[in-house]
Amino acid sequence: QVQLVESGGGLVQAGGSLRLSCAASGSIFTISAMNWYRQVPGKQRELVAYITNGGSTDYADSVKGRFTISRDSAKNTVYLQMNSLKPEDTAVYYCKGNGRIGSRDYWGQGTHVTVSS
């Protein structure tokens, strides 16, 4: 089992910044990549960014140049630095761990981000 706990959400004005954290514990050796997703009520959950165990990253076009995903392996924590926030970034942000072949995926409980205009 893997436990993922997000933190760092909150209310921020447009143009501001937030840093989300996702702390992983348990059988983290079963995880091959970490992702940040977000979801707005009534819409599908969308992939925002991911980082592989090898350090490769990618981003949704809507956040490229504004968001940065990183990790601290010593702390088993993945971060999402969000700059130049826009009202349309308002969502619940979820951390997801992709399981290696034969292992399941894991989700955190989500953290709310609200960007006011």
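Shown above is the structure to which this text applies.
So, how was this worked out
Residues numbered from 1 in each chain as written. Predicted model: local features only at pLDDT ≥ 70, side-chain atom pairs only at ≥ 80, totals over all residues. Heavy atoms only, no water. Helix = DSSP H or I, 4+ residues; strand = E, 2+ residues; numbered from the N terminus. Rg over C-alpha atoms; globule rule 2.2 N^0.38 Å. Buried < 20%, exposed > 50% of the residue type's maximum accessible area, 1.4 Å probe, protein only. Contact = heavy atoms within 4.5 Å. 1 Å grid on protein atoms, 1.4 Å probe; cavity = no way out; pocket = protein on both sides within 12 Å on 5 of 7 lines; lining within 4 Å. Points joined across faces, edges and corners; volume = space filled by probe spheres on them. Nonpolar A, V, L, I, M, F, W, Y, C, P; charged D, E, K, R; others polar. Core = buried A, V, L, I, M, F, W, Y, C linked by side-chain atoms within 4.5 Å. Salt bridge = Lys/Arg side-chain N within 4 Å of Asp/Glu carboxyl O.

1. Focus on the overall build of the protein
Phase 1: On a plain count of helices and strands, the protein comes out with 0 helices and 11 strands.
Phase 2: When its helices and strands are written in sequence order, the protein yields β-β-β-β-β-β-β-β-β-β-β.
Phase 3: A globule of 117 residues ought to have a C-alpha radius of gyration of about 13 Å, and the protein, at 14 Å, matches this closely.
Phase 4: Dimensions of the protein along its principal axes, counting C-alpha atoms only, are 45 × 25 × 25 Å.
Phase 5: Residue burial in the protein is summarised as follows: out of 117 residues, 41% are buried.
Phase 6: Sequence separation of 24 or more characterises 54% of the internal contacts of the protein that already satisfy a separation of 6 or more.

2. Re the layout of surface pockets
Phase 1: The calculated volume of the largest pocket comes to roughly 250 Å³.
Phase 2: Looking at the largest pocket, it is lined by 13 residues, and the ones nearest its centre are Ile28, Met34, Asn53, Arg71 and Asn76.
Phase 3: Contributing elements (two or more residues each) for the lining of the largest pocket: strand 4 (31-39), strand 7 (67-72) and strand 8 (77-82).
Phase 4: The residue inventory of the lining of the largest pocket, partitioned by class, reads 6 nonpolar, 4 polar and 3 charged.

3. A closer look at the nonpolar core
Phase 1: Of all hydrophobic cores here, the largest spans 28 residues; its most connected members are Trp36, Leu80, Met82 and Tyr93.
Phase 2: Elements with a contribution of two residues or more to this core: strand 1 (2-7), strand 3 (18-26), strand 4, strand 5 (46-52), strand 7, strand 8, strand 9 (91-99) and strand 11 (111-116).
Phase 3: Sorting elements by how many residues they give to this core places strand 3 first, with 4 residues.

4. Here we look at the pattern of salt bridges
Phase 1: As enumerated under the stated definition, the model contains 5 salt bridges in all.
Phase 2: For glutamate 46, the salt bridge goes to arginine 38, with nearest N and O atoms at 2.7 Å.
Phase 3: Classification of arginine 38 by relative accessible area gives buried; the value is 7%.
Phase 4: Residue aspartate 89 pairs with arginine 66 through a salt bridge whose shortest N-O separation is 2.7 Å. Remark: arginine 66 occurs in the loop between strand 6 (57-59) and strand 7 and aspartate 89 occurs in the loop between strand 8 and strand 9; sequence separation between them is 23 residues.
Phase 5: You can call aspartate 89 buried: its relative accessible area is 1%.
Phase 6: Connected through shared salt-bridge partners, Arg38, Glu46, Arg66 and Asp89 make up one network.

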